[in-house]
Amino acid sequence: MPATDTHNPSEAQPVNTAILRLTVNNHPGVMLQICGLFVRRNFNLEGIFCSAVDQGVTSCIWLKVDETDKLDQVIKQLTKLEDVLAIEERPDARPGVSEMEAMMARIG
Amino acid sequence: MHTLNGAQIIIRQLEQLGVDTIAGIPGGANLPLYDALAASTTIRHVLARHEQGAGFIAQGIARTTGKPAVCFATSGPGATNVLTALADAYLDSVPLVCITGQTPRALIGTDAFQEVDTYGMSMPITKHNYLVRSAADLLTIVPKAFQLAGSGRPGPVLIDVPKDVQTEMVSFESWPEPLAAGVERSPASDGAQAITAAAAMINAAARPMLYLGGGVIHAGAASVARKLAEQGEIPTVVTLMGLGILPSEHPLSLGMLGMHAPRATNLAMEECDLLIAAGVRFDDRATGRISAFCPGAKVIHVDIDASEIGKLRSVDAGIAGDARAAFIALLPHIEKRPRPEWRRRIRQLQQDHPRFHPDDFAPGRPFHLIRQVAELAGPEAYISTDVGKHQMWVAQAYPLTRPRQLLTSGGLGTMGFGLPAAIGAALAHPDKPVVCFTGDGSLQMNIQELATAVEQQAQVKIVVLNNQSLGLVRQQQRLFYERKYFASSYRIKVDFAAIARGFGLQAFDLDGADNPDALLTGAMQTPGPCLINVPIDIEEEVTPMVPPGAANTTMIGGSHARN
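Residues numbered from 1 in each chain as written. Chains lettered and ligands numbered in written order. Predicted model: local features only at pLDDT ≥ 70, side-chain atom pairs only at ≥ 80, totals over all residues. Heavy atoms only, no water.

On to the confidence of the model for chain A. The predicted model of chain A has a mean per-residue pLDDT of 88, with 87% of residues at 70 or higher. Confidence drops under pLDDT 50 across residues 1–6 of chain A; counting only partners more than four residues distant or on other chains, this segment forms 16 contacts. (pLDDT = per-residue confidence, 0-100. Contact = heavy atoms within 4.5 Å.)

The following block contains the structure:
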């Protein structure tokens, strides 16, 4: 879950994180696949948001990754997971992700 | 229209996939699977004595044939026992398909009898894994598991099947089309450009070095790698997993690099100006301190797993693809070029730091024994090792001549690997001799598989290099812990020959033998499985040795130490 406590989404963010959008097979173990990879490869994950799409066949996972220097390795390792169908680097989605973080902070 | 239960679907598909041997142990949660297996006329079941043994027997088959091999285990302890063999297969990229029983679906998550989260536990040590939720899914999962295990960078795949999925009846029209085995084999789209760049670097290099590992063997690229070495006159080092790619006596072979390499090999690596790495992952046992590894060299890295390229060492040319395809693409661009100065320099290093000393081969010493066994076993033999001093001595001195000849636990370094892996090799190649070099420490980690060896009449000669200790641990305590030996030697002397006889093996003990040579010769010629206990002096060390974490040029010990 987001570790940053950002209340104002318009506030300028330091860009030392990357935003990734994954399309994954939707089954009960897939979140474990993603989170487990980050733990065992010693990559830092700052935020994760997951939701089923495509009538539940696949899920969309947004990741905020604190590994700009290792990003290439993060993406290559994610690519190897059989359940990961697509990976996009989405810097354009940063405002949206910040909004999501702010919303979660508001929910409390 | 077919109507079968889940277990029958699994067994029928294994038959269709050409599986002829399965190692495993039945239990409560996989009994339906065994019931279906009992009806198979083409699959031989090998009853192991411990699920880890079953996993390593399957590895013995897979490592020698290159094809996915299968093991079965029940839920709970069956699954936890097999995990070590899966982790071992994962680190050495060995194709396995492990099928475990699981508690019925309705009981999952209730801490039912023999329930563990096999799916969760196996995730980090498998290439992929499945928890099967309906029998119909097996129609796609089983062939997919085989494809994943055997393609690209091979690895273990686990399928966890709840008992009620095994018994669930499914009706279906037809079997799915078989999947191609060779997906992911083509080099990446930017391959041609990388090949041209790599070829130019090789042609321009004055002191190139080939650095080859297990990936070359998996790709079936050993002979084309040899052609590349010969065409460019490129000296070649191999990792532990790459032993056998070049015969040890080949003039361009510098043997194994790294922690227990010949001094001249590590020193030559230091001087190379181009490192052509293929099917390797820059493991710390091979590279030593990575920042000091081949410090002046540009790097070409060929690997089918793109994530290996640049993972630990940045590269000047990366070729993400099959090593065989890459070498074949490279060959026409490689100038036939003698490199007399570089060869002369390496010869000089080898003269200054000879690999062996004549004393190393004195009777009773490890290299003497290993060479004797090699002569008696012949060039056709498969060799498995356990983990420890004997493993490194075999790696240093056994005259390996071909890929897949040596079965050894490289990445995980699993004591207990040797015996069951040898049984697997013997089952897959009943016409070939198989020798298992083991230590007294390692053998005791899976000694129960002696029963399996006898029951299957596997043609395995087990040579126990017995120094009554955990030799490599003791060596590290001597070198790095001020000789404070603790928990590294055994206080009781185990009579392995007597134990082996108890399991029904023939057994020989060279301890105190009047004529050990004759006894060894006789033992090696004995048909059927047998065990040969060989006493080894506890002070025999593996040299030279690079201290863990040090640069490869820091080598301790050896007959030719010049410290």
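Residue and element names in this part refer to chain B. With respect to burial, strand E20 (residues 530–535) is a largely interior element, five of its six residues being buried. Direction of pairing for strand E18 (residues 460–466) relative to E20: parallel, over a ladder of six bridges. Directly across from Leu465, in E20, lies its bridge partner Val534. Two elements, strand E19 (residues 506–509) and E20, share four bridges in a ladder whose sense is parallel. Within the sheet, the bridge partner assigned to Phe508 lies in E20 and is Ile532. Chirality of the crossover, the property in question, places the unit of E19, helix H22 (residues 516–525) and E20 among those that are right-handed. (Buried < 20%, exposed > 50% of the residue type's maximum accessible area, 1.4 Å probe, protein only. Helix = DSSP H or I, 4+ residues; strand = E, 2+ residues; numbered from the N terminus. Pairing = 2+ DSSP bridges. Right-handed = clockwise from strand over helix to strand, strands pointing away.)

Moving on to the interface of chain B and chain A. Across the contact, 16 residues belong to chain B and 13 residues belong to chain A. Buried surface at the junction of chain B and chain A, both sides included, amounts to about 1200 Å², of which 50% is carbon and sulfur. The largest contributions to the chain B side of the interface with chain A come from Met123, His128 and Ser307 of chain B, which together make up 38% of the buried area. Of the charged contacts, one joins Lys144 of chain B and Glu82 of chain A as a salt bridge, the two residues approaching to 3.6 Å between their closest N and O atoms. Taken together, the connections running from chain B to chain A amount to seven residue pairs in polar contact (both at pLDDT 80 or more). Split by residue class, the side of chain B that touches chain A holds seven nonpolar, four polar and five charged. (Buried area = accessible area lost by both parts, 1.4 Å probe. Salt bridge = Lys/Arg side-chain N within 4 Å of Asp/Glu carboxyl O. Polar contact = N/O pair within 3.5 Å; in protein donor to acceptor, adjacent residues only side chain to side chain. Nonpolar A, V, L, I, M, F, W, Y, C, P; charged D, E, K, R; others polar.)

What follows is about the pairing of strand E2 (residues 21–24) of chain B. Residues and elements named next belong to chain B. Going residue by residue along E2, you find Thr21 and Ala23 tucked away on one face and Ile22 and Gly24 tucked away on the opposite face as well. Relative to strand E3 (residues 44–47), E2 is paired through four bridges, and the arrangement is parallel. Bridging from a neighbouring strand, Gly24 pairs with Leu47 of E3. Remark: the E2/helix H2 (residues 31–38)/E3 crossover connection has right-handed handedness. The pairing of E2 with strand E4 (residues 69–73) spans three bridges and is parallel.

The subject of this paragraph is unusual backbone geometry. Residue and element names in this part refer to chain B. For the peptide bond that leads from Thr543 to Pro544, omega is -10°, which places it in the cis range. Within the secondary structure layout, Pro544 lies in the segment after E20. The residue Glu482 is not glycine, and still its phi comes out positive at about 50°. On the secondary structure map, Glu482 appears in the loop between helix H20 (471–480) and helix H21 (496–503).

All right, on to the pattern of salt bridges then. All names here are of chain B. Scanning the model with the defined rule gives 28 salt bridges over all chains in all. We note a salt bridge from Lys432 to Glu380, for which the minimum N-O separation is 3.7 Å. In this pair, Lys432 is assigned in the loop between helix H17 (418–428) and strand E17 (434–439) and Glu380 in the loop between helix H15 (366–377) and strand E15 (382–385), connecting sequence segments 52 residues apart. Judged by its relative accessible area of 22%, Lys432 is partly exposed. Glu541 is the salt-bridge partner of Arg478, the closest N and O atoms lying 2.5 Å from each other. With a gap of 63 residues between them, Arg478 in helix H20 and Glu541 in the segment after E20 connect regions that are remote in the sequence.

This brings us to the domain arrangement of chain B. Residue and element names in this part refer to chain B. For chain B, the domain assignment lists domain 1 (2–172), domain 2 (191–352) and domain 3 (358–535). On a C-alpha basis, the centroid separation for the pair domain 2 and domain 3 is 31 Å. Each partner contributes residues to the interface: domain 2 has 13 residues there, and domain 3 has 15 residues. Carbon and sulfur atoms supply 64% of the area that domain 2 and domain 3 bury against each other, a total of about 1200 Å² over both sides. Of all residues in domain 2, Leu240, Leu243 and His260 bury the most surface against domain 3, accounting for 40% of the area lost on that side. The interface formed by domain 2 and domain 3 includes two residue pairs in polar contact (both at pLDDT 80 or more). A class-by-class count of the residues in the side of domain 2 that touches domain 3 yields eight nonpolar, four polar and one charged. (Domains from an automatic or database assignment.)

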